[in-house]
Amino acid sequence: MNSKREITLAFSGASGAPYGLRLLEQLVQADMNLSIVISPAGLMVINDETDFVLPGNPQKIQAFLTERFNAKPNQIKVYGKDDWYSPLASGSNAPNTMVVCPCSAGCLSAIALGASNNLLERAADVVLKEQGKLVLVVREMPLSAIHLEHMLNLARLGVSIMPANPGFYFKPQTIEDIVDFVVARILDQIQIPHQLSKRWG
Ligand SMILES: Cc1cc2nc3c(=O)[nH]c(=O)nc-3n(C[C@H](O)[C@H](O)[C@H](O)COP(=O)(O)O)c2cc1C
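Residues numbered from 1 in each chain as written. Predicted model: local features only at pLDDT ≥ 70, side-chain atom pairs only at ≥ 80, totals over all residues. Heavy atoms only, no water.

Draft legend 1. Here's a closer look at the overall build of the chain. From N to C terminus, the chain includes seven helices and six strands. The C-alpha atoms of the chain give a radius of gyration of 16 Å, which matches the 17 Å a tight globule of 201 residues would have. Dimensions of the chain along its principal axes, counting C-alpha atoms only, are 45 × 40 × 35 Å. Considering the chain as a whole, with its 201 residues, one finds that 49% of them fall into the buried category. Contacts in the chain between residues far apart in sequence, at least 24 positions, make up 70% of those at least 6 positions apart. (Helix = DSSP H or I, 4+ residues; strand = E, 2+ residues; numbered from the N terminus. Rg over C-alpha atoms; globule rule 2.2 N^0.38 Å. Buried < 20%, exposed > 50% of the residue type's maximum accessible area, 1.4 Å probe, protein only. Contact = heavy atoms within 4.5 Å.)

Draft legend 2. Structural detail: the sheet that holds strand β3 (residues 76-79). An order of β3-β2-β1-β4-β5-β6 is seen for the six strands of this open sheet, with the pairing classed as parallel. Two strands bound the open sheet, and with one partner strand each, they are β3 and β6 (160-161). Packing against the sheet, helix α3 (residues 58-68) makes contact with β2 (33-38) and β3, and its axis sits at approximately 155° to β3. (Pairing = 2+ DSSP bridges. Axes fitted to C-alpha atoms, helices over the stretch in contact; angles between N-to-C directions.)

Draft legend 3. Main features of the site of the ligand. If you check the shell around the ligand, you find 13 residues, and the closest are G13, S39, S104, A105 and R139. One of the backbone N or O atoms of S15 is found 3.0 Å from an oxygen atom in the ligand. Surface burial for the ligand is 64%, taken as the share of its 640 Å² of free accessible area covered by protein chains. Listed by contribution, the elements that provide at least two residues to the shell around the ligand are α2 (40-49) and α4 (105-113). The dominant element in the shell around the ligand, judged by the number of residues it contributes, is α2, at three residues. (Near = heavy atom within 4 Å. Polar contact = N/O pair within 3.5 Å; in protein donor to acceptor, adjacent residues only side chain to side chain. Areas by Shrake-Rupley, 256 points an atom, 1.4 Å probe, with all protein chains shown as cover.)

Draft legend 4. Spatial organisation of the packing of aromatic side chains. Summed over the entire model, instances satisfying the criterion amount to six aromatic pairs. A centroid spacing of 5.6 Å and a plane angle of 75° characterise the contact between Y169 and F181, whose relative ring orientation is edge-to-face. Taken as a pair, Y169 in the loop between β6 and α7 (175-189) and F181 in helix α7 lie far apart in primary sequence, 12 residues in all. Since its relative accessible area comes to 48%, Y169 is described here as partly exposed. Put simply, the rings of Y169, F170, F181 and W200 pair up and form one aromatic cluster. Against the face of F52 rests R68, its NZ or CZ located 4.1 Å from the ring centre. (Phe/Tyr/Trp six-rings, centres within 6.5 Å; stacked < 30°, edge-to-face > 60°. Lys NZ or Arg CZ within 6 Å of the ring centre and 35° of its normal.)

Draft legend 5. Looking closely at the pattern of salt bridges. Summed over the entire model, instances satisfying the criterion amount to nine salt bridges. Residue R22 pairs with D180 through a salt bridge whose shortest N-O separation is 2.6 Å. Of the two residues, R22 sits in helix α1 (residues 17-29) while D180 sits in helix α7, which places them 158 residues apart along the sequence. Within this structure, R22, E25 and D180 form a network of salt bridges that share partners. (Salt bridge = Lys/Arg side-chain N within 4 Å of Asp/Glu carboxyl O.)

Below, the structure is given as structure tokens:
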């Protein structure tokens, strides 16, 4: 279990916003404190793929998510992409666990190269340099050799590369079942107890 009970959750601009929002809900219910960063493309995807209409401003998104997920005051903090004064930007104060869900191919590349061009990329770079737990829920198809090389390099650094690949052996009946299959595996990676899906065997 995460000793600080703090997690950074980032949404980049890949398809798969329902995974990230279901994960957010589960983390709130597990009483984790969440630092959230949403890239501009990530915001577009959330608004395209779900019934959410997120405002553009981090404070308003924070208020919206706090109400929507019935979170405690200050349990959810949302930071803008250029908020270099946020705790996420420094190894001295950042959560040691971060999930990027969904993770675009562009975001994967930037993290693999240590680009740190915005707070999302910097936060991931901080978790890597501090040897924390980084989980990337990558979604792209097909994958090019560039994507695969970045994934291999990051996996060798201990990053959990978790392509959003649901299994079908539990015979999902709804989209929610499919989403929960993936979110359950992410929660397992960051050692958050859950009841989302059956276990094998
Ligand atoms: C609705 C929508 C769906 C997208 N789906 C994907 C995707 O599944 N995978 C991906 O790598 N990029 C996808 N993109 C493109 C990325 O958003 C784009 O490359 C963007 O620059 C990523 O920026 P970010 O990583 O800073 O969020 C999608 C864009 C939109 C608007």
